[in-house]
Amino acid sequence: MKILQYLCYFSSNIGKAIDICVLANSKTDEDFSYKLLINKFNEYSVENNLNITLSLNLISKENSTLTDYELAIESLLLKKSKKYDLLYFDNTYTTTLGRYFLNLEDYIPIEHINNYKDGIALQTCYYDNHLIGLPITIDFTVLYYNEKLLQKYNKNYPRTWDELIETARYIVQKEKEANNTLLIGYNGMMSDTINSSFPDLQSQNTKNALTKLKQIKEELSSNEIFKSNNAFTFRNIGKKYILFGKNWYTPVLYEDYKKDILPGSKNGISGSVLGGYNLSINKYICEEKRNAAIIAFKFLTTKEIQKSFMLESKQYSPITSFYDDEKVCEVIDCSLYKRLQLVQRPYSADYGTWSSKFRNKIYKYLYDSSISLSNVLKEADKITSEYSNSANSKKTFYRLFIIIFLFSIFSTFILI
């Protein structure tokens, strides 16, 4: 394996055990994916007498009351903490955390980095023109649909939102007539591409998008369901109560359900928000730990290990060349990945504060019938101006966030 070329440093350190602490976060209390990779390295380390052991410290709801994982990381690293050597973090926090990590271009061969260059996920790994991490996993949004019900009523999978409204309205009504009153037409999941132009916030296209979204909520869902989170969606998919449900991709198979790309404003247009975790190296650790961490980092991000991880976990990889690999495509739906039109989420140090205020303004229109759309858009535009006026360099970011926020919650209504 190519990793052998990186072992020179440890030829003089045989017998010295080095423990590398890995910090990770799980929103679902599951550590399978992390342990799978870490166990692979630890086995490899024993086989090759590296005397390096990776130890996982997983933060989850079960073992911690921590509500903001990335903020906790920043608090530690702001003090130049050496407690953790390798750190996983959500790829939207690169701007916040990037200054605390090694510039990998000084330590990782370019041919190793180039394995990731064709994927959009690598764009989330740069801070101040320095490569401070590599993407380990990618997430994206898809539409889950009850294939059995579509077949029952001889309906095709919808490629536009108008088709989804028509199909869901018809099937939900037919099921009600058959005494099935629990079926949800569309979930919403409002708790948080193709080359095309994006509209301004107060343009007619944006107004059309919000109007369409509200139509879906009122005809196929409800305020409560639209505000629900992904746990609600998966729970009700498991009960077969949802006809169409937008959510993050999971390799879990649900009886009667399949996954596909999200519909668009017209056939051929779709869009999925890119999520996932990056892996970085703490720049404050001592030389001995740094060299050991680099060895581990290179191993965890090789094509061989990433492919093995992909086949075992059935999770999608940021290495795009895998989707032309026959062995991979026997396990993973490569066609789904190739049809995705991924959109990168923006990242900024004050992303959370601003986006929360912006979303709350938009939600006023969705959930309060007494609020006019024009007034809501004016208020949202004012908030954006207040933030972007503080620095011209931020103006582009906030305009981009508006685009992607609308893009993610409207699921490509606004693309034209």
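Residue positions are given per chain, counting from 1 as you read along its sequence in written order. For this predicted model, a pLDDT threshold of at least 70 governs which residues receive local features, and a threshold of 80 or more governs which side-chain atom pairs are given and counted, while totals over whole chains, interfaces and linings are taken from all residues. Note that water and hydrogens are dropped before the side-chain values are worked out from all heavy atoms of the structure.

> Would you mind going over the confidence of the model for the protein in detail, with residue names and values included?
Across the chain, each position has a pLDDT score giving the predictor's confidence in that residue, from 0 to 100. Put simply, the protein has an average pLDDT of 83, and 79% of its residues get 70 or more. Looking across the protein, the model is least confident in helix α16 (residues 392–410), with a mean pLDDT of 49, and most confident in helix α10 (residues 287–300), with 98. What makes two residues a contact is simply this: any of their non-hydrogen atoms within 4.5 Å. Contacts for the low-pLDDT stretch residues 1–12, under 50 throughout, to residues beyond four places or in other chains number 25 contacts. For helices the rule is a DSSP run of H or I covering at least 4 residues; for strands it is a run of E covering at least 2, with both sets numbered from the N terminus onward.

> Describe helix α9 (residues 230–238), with residues and values.
One turn of an α-helix holds 3.6 residues; hence residues three or four places apart share an orientation. The complete set of buried residues in α9 reads F232, T233, F234, N236 and I237. Tucked inside the fold, the buried residues of α9 contact β6 (134–146), β7 (184–186), α8 (223–226), β8 (242–248) and β9 (257–260). The opening residue of α9, the one whose side-chain oxygen lies 3.2 Å from the backbone nitrogen of A231, is N229. Two residues or fewer past α9, K240 is found with a positive phi of approximately 65°. Buried residues are those whose accessible area, probed at 1.4 Å on protein chains only, stays under 20% of the maximum for their type, while exposed residues exceed 50% and partly exposed ones sit between those limits. A 3.5 Å cut-off defines polar contacts: any pair of N or O atoms within that distance qualifies, except that in protein one atom must be a possible hydrogen donor and the other a possible acceptor, and neighbouring residues in sequence count only when both atoms are side-chain atoms.

> I'd like a description of the state of the cysteines, backed by residues and values.
Here, a disulfide means two cysteine sulfur atoms that sit within 2.5 Å of each other. The full count for this structure, using the stated rule, is one disulfide. Covalent S-S linkage joins C329 and C334, the inter-sulfur distance amounting to 2.1 Å. The disulfide joining C329 to C334 has a torsion of about -105° about its S-S bond and is therefore left-handed. Judged by its relative accessible area of 31%, C329 falls in the partly exposed class.

> Break down the pattern of salt bridges for me, citing the residues and quoting the values.
Salt bridge, as used here, is a side-chain nitrogen of Lys or Arg placed within 4 Å of a carboxyl oxygen of Asp or Glu. Within this structure, the stated rule accounts for 14 salt bridges. Note that K240 is salt-bridged to D256, the shortest N-O span being 3.0 Å. Note that K240 is positioned in the loop between α9 and β8 and D256 in the loop between β8 and β9, a separation of 16 residues in sequence. K240 gets classed as partly exposed once you look at its relative accessible area, which sits at 30%. One salt bridge connects D260 with R339, and the closest N-O pair in it is separated by 2.7 Å. You can see D260 sitting in strand β9 and its partner R339 sitting in helix α13 (residues 334–339), a full 79 residues away along the chain. Bridged by salt links that share partners, the residues R159, D260 and R339 form one connected network.

> Provide a residue-level description of the nonpolar core, including the pertinent values.
Take the buried residues of types Ala, Val, Leu, Ile, Met, Phe, Trp, Tyr and Cys, join any two whose side-chain atoms come within 4.5 Å, and each joined set is a nonpolar core. Ranked by size, the top nonpolar core spans 68 residues in total, and within it F41, L54, L86, Y88, I281 and Y316 carry the most contacts. Among the elements that line this core, the one with the most residues is α10, at eight residues. Not counting the four nearest positions on each side in its chain, I281 is found in contact with D85, L86, Y100, F101, L102, L104, A293, I294 and F297. If you look at the next biggest cluster of nonpolar residues, it comprises 32 residues, including L150, A168, V172 and F358.

> Help me get a handle on the pairing of β6, residues and values and all.
The element β6 is extensively covered by neighbouring structure, given that 12 of its 13 residues are classed as buried. Pairing between two strands requires that DSSP report at least two bridges joining them. Bridging between β6 and strand β10 (residues 272–281) involves six bridges; their strand directions are antiparallel. Bridging from a neighbouring strand, P135 pairs with N278 of β10. Across five bridges, β6 lies against β8 in antiparallel orientation. Bridge pairing in β8 places L143 opposite K246.

> Residues and numbers for the environment of L87, please.
Its location among the elements puts L87 in strand β3 (residues 86–90). Judged by its relative accessible area of 2%, L87 is buried. In sequence terms L87 and L56 are 31 residues apart; their C-alpha atoms lie 10.0 Å from each other. Every residue in contact with L87, bar those within four places of it in the chain, is listed here: L23, I73, F101, N278, L279, S280 and N282.

> Kindly report on the environment of A380, identifying the contributing residues and their values.
Mapping A380 onto the fold places it in helix α15 (residues 373–388). Residue class for A380 comes out buried when judged on its relative accessible area of 0%. Note: C-alpha distance between A380 and K361 (19 residues apart in sequence) is 5.9 Å.

> Outline the packing of helix α1 (residues 32–47) against helix α11 (residues 303–313), listing residues and values.
Interaxial angle, 0 to 180 degrees, is taken between N-to-C directions of lines fitted to C-alpha atoms, where a helix line uses only the stretch in contact. One can describe the packing of α1 onto α11 by two numbers: an axis separation of 11 Å at closest approach and a directional angle of 140°. Regarding the angle of α1 to α11, the classification is oblique. Helix-helix and strand crossings are classified by hand; for α1 and α11 the assignment is right-handed. Where α1 approaches α11, its residues F32, S33, L36, L37 and K40 are matched on the opposing element by I305, Q306, S308, F309, E312 and S313. For this classification, under 35 degrees means roughly parallel, over 145 means roughly antiparallel, 65 to 115 means roughly perpendicular, and everything else is oblique. For any pair of crossing helices, the crossing counts as left-handed if the nearer helix is rotated counterclockwise from the farther one by less than a right angle, and right-handed if it is rotated clockwise.

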